[in-house]
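# Architecture and fold: a report
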Amino acid sequence: MKNIILIIFLYFTIFPVFAERKIPKYFYKNELPQCILKYGLEEISIDNPVVRDKIEELVGFDWVKHHDKKSNSLTVKHDKISNPIMYLNSSIHNAVIKNNLNEIKTGIKVLYKIAEKNTLLETPTVSEVKQLGSSCYGKNNNPNAKCDVHKPQWVMIVAAHYIIASNYSKDFMNKKQKDRINSYIEILYEKYISAWANKEGERGYNEMANGKIASIAYANWNNNYELAELSFKKGFNEIDNHFIEDGYINNNSFRGSRALWYHSMGLNNALGLIALSDAWGITVPKKILIKANYAIKKKSW
């Protein structure tokens, strides 16, 4: 009897404890909070012509050409794809909160148009970039050298926002819209999300918790609790591997003049993953919470 009690104790001490299995309806909540997202003092609404025009810029956008022309190893000029998708995500979020059917339907039409144009799907995958032998900063630590891995990385980030927006509005889609958007999401996952989500041992802790949050968004779209559970586990493992006991984050906190920015970015993504765990009924291992807490204190260095 004592042996059985000891085994149970060790199990729940060593391994993450998974509480009640639940899939939140809206990715991070079962009911969206009555909190309207704003830019400055103005509500983000797809009915606003300025916002709508900005969102539409993403449809069919040539990200590869733009990246080759504008970005380098030091700086990624991603605003042409990141701003539109965040406006779209926020405007659909707001429309669902308000139960504004016209705005929801408009948002779905844009999601559909993005899928119909196969937007961003010409971007090389991580494996294709590796086959080309491309490396950031070149051979001479050159900040102006191309960094092609940023291309699929930012598609992964945009894909996560796209899927979250689709999750918000899924119940309002007709069959044609849902089928087309679903097929597009499947390609986004296979080509761009899975490469990051399935990988452990990445240098640093970066956007979308190194792709794990993007994978959880995909799991939410497909009501796949097992995939979400695995993504949380891998995300927590990476926090454990990258977050040092003294509060620093391996790689992020040692990036010269940009160290504080990278530290904050890595920490924010870790905190995002931790916050999501509650909605999914997953208990965060105590050591992960301790490491995150120490990293928060380091932001004031």
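In this text, all values refer to a predicted model and were calculated from it rather than measured experimentally. (Residues numbered from 1 in each chain as written. Predicted model: local features only at pLDDT ≥ 70, side-chain atom pairs only at ≥ 80, totals over all residues. Heavy atoms only, no water.)

## Describing the side chain of His 93
Relative to the assigned elements, His 93 resides in helix α4 (residues 79-98). For His 93, a relative accessible area of 3% gives the class buried. Beyond its immediate sequence surroundings of up to four residues, His 93 is in contact with Tyr 28, Leu 32, Cys 35, Leu 37 and Tyr 168. (Helix = DSSP H or I, 4+ residues; strand = E, 2+ residues; numbered from the N terminus. Buried < 20%, exposed > 50% of the residue type's maximum accessible area, 1.4 Å probe, protein only. Contact = heavy atoms within 4.5 Å.)

## What about helix α5 (residues 101-116)?
For α5, with 16 residues, the first-to-last C-alpha span of 22 Å sits near the 22 Å given by 1.5 Å per residue. In the segment just after α5, Asn 118 is the residue with positive phi, at about 50°. (Expected span 1.5 Å × (residues − 1).)

## Quick word on the pattern of salt bridges
A complete count under the given rule lists 15 salt bridges for this structure. Where Lys 151 meets Asp 68, a salt bridge forms, and the shortest distance between an N and an O atom there is 2.7 Å. Of this pair, Lys 151 sits in helix α7 (residues 150-169) while Asp 68 is found in helix α3 (residues 63-70), placing the two residues 83 residues apart along the sequence. Under the relative-accessibility criterion, Lys 151 is labelled buried at 5%. A salt bridge links Glu 116 to Arg 180; its shortest N-O distance comes to 2.7 Å. Highlighted residues: Glu 116 in helix α5 and Arg 180 in helix α8 (residues 175-197), separated in sequence by 64 residues. Glu 116 sits in the partly exposed class, given a relative accessible area of 42%. Since its relative accessible area comes to 18%, Arg 180 is described here as buried. (Salt bridge = Lys/Arg side-chain N within 4 Å of Asp/Glu carboxyl O.)

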